[in-house]
Amino acid sequence: MKCNVAIIGGGPAGSTVGTFLRKHRPDLEVCIFEGDLFPRDHVGESQLPAVPVILNELGVWDKVEAADFPIKLGARYRWGPEGDDDLWESLFIRDGEFQDQPRPGKYEGQRAQTAFQVDRAIFDEILLDHSAEMGCQVFEETRVVNVLRNGDAVDHLVVKDKTGEEETVFADWFVDASGASATIRKAFDIPVDSPTALKNIAIWDYWQNADWAELVGVGGTLVQVMSLSYGWLWFIPLGPTRTSIGLVTSADYYKNCGLSTDALYRESIAKEPRITKLVENASREDRLQATKDWSFIAGRMAGENWFLVGDASGFADPILAAGMTLAMTGAKRVAFSILEIMRGEVDEDWLKGEYERIQSKHVGNHIRFANYWYSLNGKFTDLRAYCSDIARNAGLELEPDDAFQWLGTGGFTDEFSGIPFAGTFDVSAIKALAKKYSGQPISWTFQKNNVFELRLEGARKDVVGVYEDGRVHQVECYFRDGKTLPMYLLFGFVFRALQKEREILFIWERTGFEAKRAGFTRTRELARVWFEVLEVLVIEGWVEASFDPAVQMMSQAPIMRK
Ligand SMILES: Cc1cc2nc3c(=O)[nH]c(=O)nc-3n(C[C@H](O)[C@H](O)[C@H](O)COP(=O)(O)OP(=O)(O)OC[C@H]3O[C@@H](n4cnc5c(N)ncnc54)[C@H](O)[C@@H]3O)c2cc1C
């Protein structure tokens, strides 16, 4: 068999690569080899709003919506030291603003801000069927049993179908989207890095007829994340009757508790009063599963004619509900990189290096954020001290409490989307968390300062990749000490404003002007996050902030009065 691109694995990463390739190059022969027969169960059901963005680009959002999955509006947490019984929420749409609308809906308005909670058996099958409709050749129950190497290239694959018949597969490009199996990664002995202090295990099962906990409008709900004295439980309704409930605890606790996985699972649910109540009239499917050691980043993610993507390339932690986000945003980058390499206009090594740089940083930031998140809980070893190590990796020598503060004010933000994000949260949400858990007041730089000046000394000007419409655009940026300042989207607008202005009110006005000039029409989003961009630029050392009594403060701007 011979094709242009051979993809190993038909999960969200594999089907996303396949569909994007065919969407932008319908002439390509793309084969997806999936070992299982779909539908098949898979853990990891709670999405972030970045996933529907990709579903929409793939042209599959309507099909997913038609499956009537619960609309995820955010999560409800009980998370904190023993005795802290506070419930709090993190929402994708501001409280009370979600309107009742009939379903199936369209990917627009409020629905473009929400996510889904999906039964992966159904969701993954919709995505794989869509790839087939887009012209990928999908081979289910066909496992890749051997990867033959030729130096740093994959020479060919050997696949075996359910009848036991073997076939050799040659391709121009090979994509390893085989999840934890990591078929190519293992064939090439690629080492993995696990930059985490966490050693956790997860135990989960599915339930029929549990209550949903919360019903918001038509089909909206919140995932429940409830901490116990030795771990936490997830509670994710997947549809009208099916719910996923899982426990995460430290491997040490599991080893020392003397209970079987089943007994520990039952005991944990019995110990959490809200979840006990929700499953009062429910029954377990009795298909208990467990896994451990999930945080890692592959040392390499691209070679001569291959890419690693999704869980085969790295994964952070279930607490962030970010696995599908990392898998599908990475898959988009891999597909666009292959398309760009085939076009031959952009340097191939740069494209591979850029994918590796972004994907490693993306997974790495999520791992850092997961560590920080567990440190808030105070039950998972002494992670405050570990915050110092995280800061040291980023080139900062900080005492544990200062490091904790730094992380809690956005010290690990991503810039890939042109908008600062840390793990699952925007900078405002992280500050709110840091305030809640440190008990100390937390302020914004624009509340104390009114003069902001660019500091680019020692920075190197280069380009970063921006992945849009099947292309990888090279956008100018500055690099310094492992940090990136992209001149793209909101970062770009604020950067250009700072090149011309130094007083805060003028910077704000000029940012609006720059955004308008670039055709950016999401003015509410601009007003909401521009000061987060400024905050991150100050934290990362790109901008120096100071106070001048002769200059007006931001609080005097009309936007703040509104
Ligand atoms: C405990 C836990 C909880 C999680 N919770 C969440 C969550 O709430 N939200 C979230 O977004 N993510 C979550 N995740 C992560 C999420 O499940 C994964 O990140 C996601 O499934 C990755 O998609 P993928 O396509 O890379 O891999 P997979 O979904 O694993 O797909 C890989 C596919 O490859 C196939 N395959 C494997 N080997 C071969 C072979 N040799 N030949 C052919 N086919 C092969 C497999 O059958 C499989 O279908 C969680 C993970 C864990 C461990």
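Note that the coordinates shown come from a computational prediction; the quantities given were computed from them, not determined experimentally.

On to the site of the ligand. Lining the immediate environment of the ligand, one finds 37 residues, of which Glu 34, His 42, Ser 46, Asp 311 and Met 324 sit closest. The separation between a nitrogen atom of the ligand and a polar main-chain atom of Val 144 is 2.9 Å. Between the ligand and the protein, one listed contact pairs an oxygen atom with a side-chain N or O atom of Asp 311 at 2.7 Å. For the ligand, the accessible surface in isolation is 1000 Å², of which the surrounding protein chains cover 94%. Only helix H1 (12-24), strand E7 (143-150) and helix H9 (323-343) provide two or more residues apiece to the shell around the ligand. The biggest single contributor to the shell around the ligand is H9, with three residues. Here the shell around the ligand is composed, by residue class, of 16 nonpolar, 14 polar and seven charged.

Here seven bridges tie E7 to strand E8 (residues 153-160), and the two strands are oriented antiparallel to one another. What sits directly across from Asn 146, in E8, is Val 158. Following E7, the chain reverses through two residues before pairing antiparallel with E8; Gly 151 in that reversal takes a positive phi of roughly 65°.

Turning our eyes to something else, we now look at the packing of H1 against helix H2 (residues 50-58). For the pair H1 and H2, interaxial distance at closest approach is 10 Å and the crossing angle is 40°. It follows that H1 is oblique to H2 by the angle criterion. Along this stretch, H1 crosses H2, giving a crossing that reads as left-handed. Contact residues: Thr 16, Thr 19, Phe 20 and Lys 23 in H1; Ile 54, Glu 57 and Leu 58 in H2. In the contact of H1 with H2, the residues fall into three nonpolar, two polar and two charged.

This paragraph deals with helix H4 (residues 120-133). End to end, H4 covers 19 Å across 14 residues, agreeing with the expected 20 Å (1.5 Å per residue, within 8%). Along H4, the positions that sit buried rather than exposed are Arg 120, Ala 121, Phe 123, Asp 124, Ile 126, Leu 127, Leu 128, His 130 and Ser 131. Within two residues after H4, Gly 135 carries a phi angle of roughly 105°, on the positive side.

Any two aromatic rings considered together are summarised by their centre-to-centre distance and by the angle between their planes. Taken as a whole and judged by the stated rule, the model has 17 aromatic pairs. Plain terms: the ring middles of Trp 173 and Phe 307 are 5.9 Å apart, the flat faces sit at 35° to each other, and that makes the pair tilted. Of this pair, Trp 173 sits in strand E9 (residues 166-176) while Phe 307 sits in strand E18 (residues 306-308), and the two are 134 residues apart along the sequence. Assessed through its relative accessible area of 7%, Trp 173 is described here as buried. Between Tyr 230 and Tyr 253 the ring centres are 4.3 Å apart and the planes differ by 5°, which places this aromatic pair in the stacked class.

Criteria and thresholds
- Residues numbered from 1 in each chain as written.
- Predicted model: local features only at pLDDT ≥ 70, side-chain atom pairs only at ≥ 80, totals over all residues.
- Heavy atoms only, no water.
- Near = heavy atom within 4 Å.
- Polar contact = N/O pair within 3.5 Å; in protein donor to acceptor, adjacent residues only side chain to side chain.
- Areas by Shrake-Rupley, 256 points an atom, 1.4 Å probe, with all protein chains shown as cover.
- Helix = DSSP H or I, 4+ residues; strand = E, 2+ residues; numbered from the N terminus.
- Nonpolar A, V, L, I, M, F, W, Y, C, P; charged D, E, K, R; others polar.
- Pairing = 2+ DSSP bridges.
- Axes fitted to C-alpha atoms, helices over the stretch in contact; angles between N-to-C directions.
- Parallel < 35°, antiparallel > 145°, perpendicular 65-115°, else oblique.
- Left-handed = near helix turned anticlockwise from the far one by under 90°.
- Contact = heavy atoms within 4.5 Å.
- Expected span 1.5 Å × (residues − 1).
- Buried < 20%, exposed > 50% of the residue type's maximum accessible area, 1.4 Å probe, protein only.
- Phe/Tyr/Trp six-rings, centres within 6.5 Å; stacked < 30°, edge-to-face > 60°.

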